[in-house]
Amino acid sequence: MTCTTRATSPAADAPPRGLPPAVAWLLSVACGLAVANVYYSQPLLDLIAEDYGIDPATIGLVGTLTQIGYALGLLLLVPLGDHVNRRTLITAQLGLSVLALGAVAVAPSAPLMFAAMAGVGVLAVVAQVVVAYSASLAAPADQGRVVGTVTSGIVIGILLARTVAGTLGDLAGWRAVYVVSAVATGAMALAVAAALPAERRRRTRRIGYLRLIGSVFTLFAAEPVLRVRAVLALLTFTSITVLLTPMVLPLAAPPFNLSHTEIGLFGLAGAAGALGAGHAGRQADRGHAERTAGIGLLAMLAAWLPAALLPHSVWWLVLAMVVIDYGLQSVHVANQHLLYQVRPEAQSRLTAGYMLLYSAGCAVGAIGSTVVYDHWGWPAVCLLGAATSLAALTYWWARKQS
């Protein structure tokens, strides 16, 4: 199997620079829908287990397989954005996502449902293809704002997935969640196909697919910026996952005794923090990406103080979610802005490498926080999260001084 790679004539081959705000917001919604598909299952696991008669320990495979699929998609699909027609790649992935979501909704057996969930994860990486493509379409002076706008959709999608899934699951059953998502994704595929500009044909040379995938790892060796930003992604996404994963346990237990729908509403608090993405993008365009990242890391560390006060009031957790997500968005958008300045012709592969460590951070945070909560409770979870945030801030400061 062969792919193609860019020639070095951006003036002749690149699409016109500049992305209208309306299109940027449309792509933001598309990214949110795509990534939400990975997280819908979290508040629905008990309903899915009951439907198929699956042991509670086994039903955890839903999240595991979806995340494995997402990681595979990052490595195997996202790099293609540097070498094929990206509008076609994006619309094709969205279209295939409709089929995968439909397969989940009608799966008659647990093995078929597990397989379909993995497929949903693989195809959800279309969001990362969209982010990289948006950066390439943006005017240079506006790239940070565009990346911030589109990235905000991803985080809002992650945070609101629980709210939407919990509410729809209570009203119409867990399968309805995937039916609604399939319809919404299909409509979005049509809208994106109509809104994205036609990509000019790029002069190319042949390159093997395996070499294309391997170049993701060679970029780590060649680009210090990728290594630094990927480590920050690992640490910051570990930190926020430490907060999000086990919080359902104290909220569902006495004295709060909240329902799935009520717990899902906490995603609205985190979504408010996603406003940080737009601010971070504008600051990055003004040349303040590093300062923005530093402020974001400080915010993430500070968020653990109100989080530790959860036993006294749920409103402390609301405040913590707003602050930590604002900080995360600031770091994430600043990271991406700096990455895209390195090799414009390799934006999709840079995104793939960066997001692989993001996925690793999510996995480490999910596993570590649940183990810590089981043994030592919520205060220990907050100490773990604060330690991770402090490690991220320390690493950023040390690299900045070197």
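Residues numbered from 1 in each chain as written. Predicted model: local features only at pLDDT ≥ 70, side-chain atom pairs only at ≥ 80, totals over all residues. Heavy atoms only, no water.

1. A look at the overall build of the protein chain
A count of helices and strands for the protein chain gives 21 helices and 2 strands. Taking 21 Å as the expected radius of gyration for a compact globule of 402 residues, we find that the protein chain reaches 20 Å, a close match to that expectation. Dimensions of the protein chain, computed from the C-alpha atoms along their principal axes, are close to 65 × 55 × 35 Å. Counting the 402 residues in the protein chain, one finds 54% classified as buried. Of the contacts formed within the protein chain by residues at least 6 apart in sequence, a portion of 86% connects residues at least 24 apart. (Helix = DSSP H or I, 4+ residues; strand = E, 2+ residues; numbered from the N terminus. Rg over C-alpha atoms; globule rule 2.2 N^0.38 Å. Buried < 20%, exposed > 50% of the residue type's maximum accessible area, 1.4 Å probe, protein only. Contact = heavy atoms within 4.5 Å.)

2. A closer look at the environment of Ala392
Within the secondary structure, Ala392 sits in helix H21 (residues 378–401). Overall, Ala392 belongs to the buried group, its relative accessible area being 1%. Placed 326 residues apart in sequence, Ala392 and Thr66 show a C-alpha to C-alpha distance of 27 Å. Apart from residues no more than four positions distant in its own chain, Ala392 is found in contact with Leu232, Leu235, Thr236 and Leu297.

3. Remarks on the environment of Asp51
For Asp51, the location among the structural elements is in helix H3 (residues 45–52). As a C-alpha pair, Asp51 and Arg175 span 124 residues in sequence and 9.9 Å in three-dimensional space. In contact with Asp51, not counting residues within four places along its chain, are Trp174 and Arg175. Here Arg175 takes part through its side chain, which lies 3.1 Å from a polar atom of the side chain of Asp51. (Polar contact = N/O pair within 3.5 Å; in protein donor to acceptor, adjacent residues only side chain to side chain.)

4. Digging into the packing of helix H12 (residues 224–244) against helix H20 (residues 347–376)
In the contact formed by H12 and H20, the axes pass within 7 Å of each other and the chain directions differ by 30°. As judged from the angle between their axes, H12 and H20 are roughly parallel. Crossing handedness for the pair H12 and H20: right-handed. From H12, Leu226, Arg229, Ala230, Val231, Ala233, Leu234, Phe237, Thr238, Thr241 and Val242 reach across to H20, where they touch Leu350, Gly353, Tyr354, Leu357, Tyr358, Ala360, Gly361, Cys362, Val364, Gly365, Ala366 and Ser369. (Axes fitted to C-alpha atoms, helices over the stretch in contact; angles between N-to-C directions. Parallel < 35°, antiparallel > 145°, perpendicular 65-115°, else oblique. Left-handed = near helix turned anticlockwise from the far one by under 90°.)

5. Considering the nonpolar core
By size, the foremost hydrophobic cluster in this structure holds 112 residues, and its most contacted members are Tyr70, Ile90, Met113, Tyr178, Leu317 and Tyr358. Of the residues forming this core, the biggest block, 10 residues, is contributed by helix H2 (residues 21–39). (Core = buried A, V, L, I, M, F, W, Y, C linked by side-chain atoms within 4.5 Å.)

6. Let's talk about the pattern of salt bridges
For side chains of opposite charge, pairing can occur when their charged atoms come near one another. Applying the stated criterion to the full structure yields 5 salt bridges. A salt bridge links Asp51 to Arg175, with the nearest nitrogen and oxygen atoms 3.1 Å apart. Note that Asp51 is positioned in helix H3 and Arg175 in helix H10 (residues 174–195), a separation of 124 residues in sequence. Of the charged contacts in the structure, one is a salt bridge between Asp142 and Arg145, with a shortest N-O distance of 2.6 Å. (Salt bridge = Lys/Arg side-chain N within 4 Å of Asp/Glu carboxyl O.)

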